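Summary of structural features
This is what each chain is made of:
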Amino acid sequence: MKKLLHLLLLLALLPSLAALYARWQVERPGPVVLTLDGQAVREEARLRGLDLDALLDRYRDLGVRGLGVYELRTQDWVERGKALYADGNLLRLIHPGGGFEPGWFYLSPRDPEELERIAKAWTLPQHRVAWLDRVWIGFPKDVLTMPLGPDRGFILERYRKGNYIVYRPYNDRLRSWPPPLPEPVQAVVFAGEEVLGYPDRLSRTAELVTAPVGFVEGAQQKGLLQIARDHPTLRVFSLPADWQLKLSPEAAAEKYLLAARERGHQILYFRPWPDPEKTERFIERVEQGLAASGIALGEPLPRTLEPPAYARLAWVGVLAGLGLLALAFPQPLGLLLALGLLLGGFVYAGAAAGPLLAALVFASLGFVRYRRGLTAWLAALGYALVGAVYLAALGSNTQTITGLVPFKGVLLTLAVPPLLVALAGWPKDRDLRRLIAEAWEHRVRLGEVALALAAVVALAVVLLRRGNTEWVPGLELQLRALLQDWMVRPRFKEIFGHAVAVLALTQPWPRWVHAGLLAFAALAEASILNTFSHYHSPLFVSLARTLNGAVVGLVLGLALAAGVWAVRRWWSR
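Keep in mind the model is a prediction, meaning the values are calculated, not measured.

What counts, and where the lines are drawn
Residues numbered from 1 in each chain as written. Predicted model: local features only at pLDDT ≥ 70, side-chain atom pairs only at ≥ 80, totals over all residues. Heavy atoms only, no water. Helix = DSSP H or I, 4+ residues; strand = E, 2+ residues; numbered from the N terminus. Contact = heavy atoms within 4.5 Å. pLDDT = per-residue confidence, 0-100. Salt bridge = Lys/Arg side-chain N within 4 Å of Asp/Glu carboxyl O. Buried < 20%, exposed > 50% of the residue type's maximum accessible area, 1.4 Å probe, protein only. Phe/Tyr/Trp six-rings, centres within 6.5 Å; stacked < 30°, edge-to-face > 60°. Lys NZ or Arg CZ within 6 Å of the ring centre and 35° of its normal. Pairing = 2+ DSSP bridges. Polar contact = N/O pair within 3.5 Å; in protein donor to acceptor, adjacent residues only side chain to side chain. Expected span 1.5 Å × (residues − 1). Axes fitted to C-alpha atoms, helices over the stretch in contact; angles between N-to-C directions.

Some details on the overall build of the protein
The helix and strand tally for the protein stands at 24 helices and 13 strands. Summarising the internal contacts of the protein: among those between residues at least 6 apart in sequence, 74% fall at separations of at least 24.

Digging into the confidence of the model for the protein
Of all residues in the protein, 89% attain a pLDDT of 70 or more, and the chain-wide mean is 87. Across residues 467-472, where pLDDT falls below 50, the model places six contacts with residues more than four positions away in sequence or in other chains.

Brief notes about the pattern of salt bridges
Going through the model one piece at a time under the given rule, you end up with 22 salt bridges. Of the charged contacts, one joins Arg-545 and Glu-262 as a salt bridge, the two residues approaching to 2.5 Å between their closest N and O atoms. Placement of the pair is Arg-545 in helix H24 (residues 539-571) and Glu-262 in helix H11 (residues 249-262), with a sequence separation of 283 residues. Judged by relative accessible area, Arg-545 falls into the buried class, the value being 12%. Arg-281 serves as the salt-bridge partner of Glu-277, at 3.3 Å between the closest nitrogen and oxygen. Of this pair, Glu-277 and Arg-281 both sit in helix H12 (residues 276-292), four residues apart, which is roughly one turn of that helix. A residue is classified by how much of its surface remains accessible, and Glu-277, at 40% relative accessible area, is partly exposed.

Brief notes about the packing of aromatic side chains
Aromatic rings considered in pairs are described by the distance between their centres and by the relative angle of their planes. Counted according to the given criterion, the structure contains 15 aromatic pairs. Ring centres of Trp-131 and Trp-136 lie 6.2 Å apart, and the angle between their planes is 40°; on these two criteria the pair is classed as tilted. Trp-136 matches Trp-131 in its accessibility class, with the two residues each being buried. Each member of the aromatic cluster is reached from another via a ring pair, and the members are Phe-237, Tyr-256, Phe-270, Trp-273 and Phe-282. When the ring centre of Phe-154 is taken as origin, the NZ or CZ atom of Arg-42, which lies over that ring, is 5.4 Å away.

Observations regarding the pairing of strand S2 (residues 66-70)
By the criterion of burial, S2 is predominantly enclosed, with five of the five residues buried. For strand S1 (residues 33-37) and S2, the ladder comprises three bridges, and the chain directions are parallel. The residue bridging Leu-36 from the neighbouring strand is Leu-67, located in S2. As paired elements, S2 and strand S9 (residues 164-168) share five bridges and run parallel to each other. From the neighbouring strand, Val-69 faces S9, where its bridge partner is Tyr-167.

Structural notes on unusual backbone geometry
Here the bond from Trp-177 into Pro-178 is cis, since omega is 0°, no more than 30 degrees from zero. Note on placement: Pro-178 falls in the loop between S9 and strand S10 (187-188). With an omega dihedral of 10°, the bond running from Gln-331 to Pro-332 counts as a cis peptide bond. The backbone of Leu-132 shows a phi angle near 55°, a positive value even though the residue is not glycine. With respect to the secondary-structure elements, Leu-132 resides in the loop between strand S6 (127-131) and strand S7 (134-139). Of note in the backbone geometry, Asp-133 takes a positive phi value of approximately 60° without being a glycine. Tracing the chain through its elements places Asp-133 in the loop between S6 and S7. By relative accessible area, Asp-133 is classed as exposed at 87%.

Focus on the side chain of Ser-176
When you line up the elements, Ser-176 lands in the loop between S9 and S10. Of note is the side chain of Ser-176, whose polar atom sits 3.4 Å from the backbone oxygen of Trp-122. Those residues in contact with Ser-176 that sit more than four places away from it in its chain are Lys-120, Ala-121, Trp-122 and Thr-123.

Details of helix H18 (residues 410-424)
Between its terminal C-alpha atoms H18 stretches 22 Å, which fits the 21 Å expected from 15 residues at 1.5 Å a residue. Of all the positions in H18, only Thr-413, Leu-414, Val-416, Pro-417, Pro-418, Leu-420, Val-421 and Ala-424 are classed as buried.

As for the pairing of S6
Sheet analysis places S6 next to S7, joined by five bridges and oriented antiparallel. Paired with Trp-131 across the strands is Arg-134, a residue of S7. What sits between S6 and S7 in their antiparallel hairpin is a turn of two residues, with Leu-132 showing a positive phi close to 55°.

Some points on the sheet that holds S7
Ordered in space as S4-S5-S7-S6, the four strands form an open sheet in which the pairing is antiparallel. A strand with exactly one partner marks an edge of an open sheet, and here the two such strands are strand S4 (83-87) and S6. Sheet twist, expressed as the average angle between the axes of neighbouring strands with direction ignored, equals 25°. The pairing of strand S5 (residues 105-109) with S7 spans three bridges and is classified as antiparallel. Among the inter-strand pairings, Phe-105 is bridged to a residue of S7, identified as Phe-139.

Here it is as structure tokens:
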């Protein structure tokens, strides 16, 4: 039976690898476009006393073609001297008989032709007052931050001068519909926490917006998933303004380069530093890094991936792995575990159960089946890579490779495999009641308590620091930077997990210590599967990260094993 299941594993690999070839063709990094925040560069021009167009021309000549152009708001008009804005109470005080309403707000454009634009911008009640040779339009709400539409003339001029226009419209539920959109625009990145038309007009927004939509990872804009589901999408990388400006240009550049090389970002959106010399250093470092990585500057194209029908044959490999996992345990426990994982996967992840099951099964399989010698470590690594192929084949599509739909079950992938590996270390030749009685009567030693507490703390750190966490020690940050300079940086969970596996498999330990070490080592295999569950990262980047982690972990583990052997030899004298 085991031979048949292994044969099915190998047969299922062929269509799975073929399915990943289609993904490899569309996920190559680049081209990318360096993009300036339009509001920030306008403020820079004002503070430095420079002409805005001249400054933008300067950035364009430095290689920054992209320009994020925000939709005009009332306050933009007022700040640029194109309109007057005042509280109705103040206007009544100045001109008591003028017809101004208390509690209303009044806007008067410098150009009378803009009156109709203002009148049609919002669905608010309004009335007009003529005073001081001007017409004032009043509204019962403060409209200072409400959107007015695009600055068409500015956008057209910058497009003709070679800028890549990223238009940034605002959502407001009191605006008239449909809102005006400019032409030409190469991409749309919605401003604020909601996409245009949220919550009731999302389908109409999808019809209205013809340019690709930008997805800012981590922004969590309401309604974006509904818009992007059937719309061309570009990945946008941007640091929060206050964080970016606190970083040195070189440190910030490394984050943008990492996003372009390893996370598939296409629009690199940034803000200028107050010191122009720092901004130029940032641009130079990013362009050097992109050139060194073979990533071209240019107009990014949306990535689409329609998985071939034969990608579903990866399910054969997942089910074969589940069968091998069941056979590794005494029956009927193995069968119950397999059924529990299968049903639980569908209940938790629904249609995405295949990738989740691949992660849970193949992160566990190596150390469940093999528990002695370095061949067990190699087997665990091999099973994890096979599972990664199935996971990627079943989970890769347009929405996942653009990051819109993440892998579901990261915490489960880190928690379930160590439990299964620990359970596999349970003595199979002992009566359960006797084991419970022995455990109850066991005299606890201080060393055992220390080891148990260390294991609990280590596991808690791993689980709490999953994903992109800000809680990272300074020493680890330095090590990350060092590794990043000369390789695709492996995950520290993988490095230490592999090291612990080598330590567990090459030294004689009490059974409970051996089982605990292997359970912790299973985190390395779980982390490998989590690496490949980042569908937006190129496959070869994930593979390089995995292999680098295995090599570094193996070397570290052999060094630890040698140290333990030396201590034991010294102690036994």
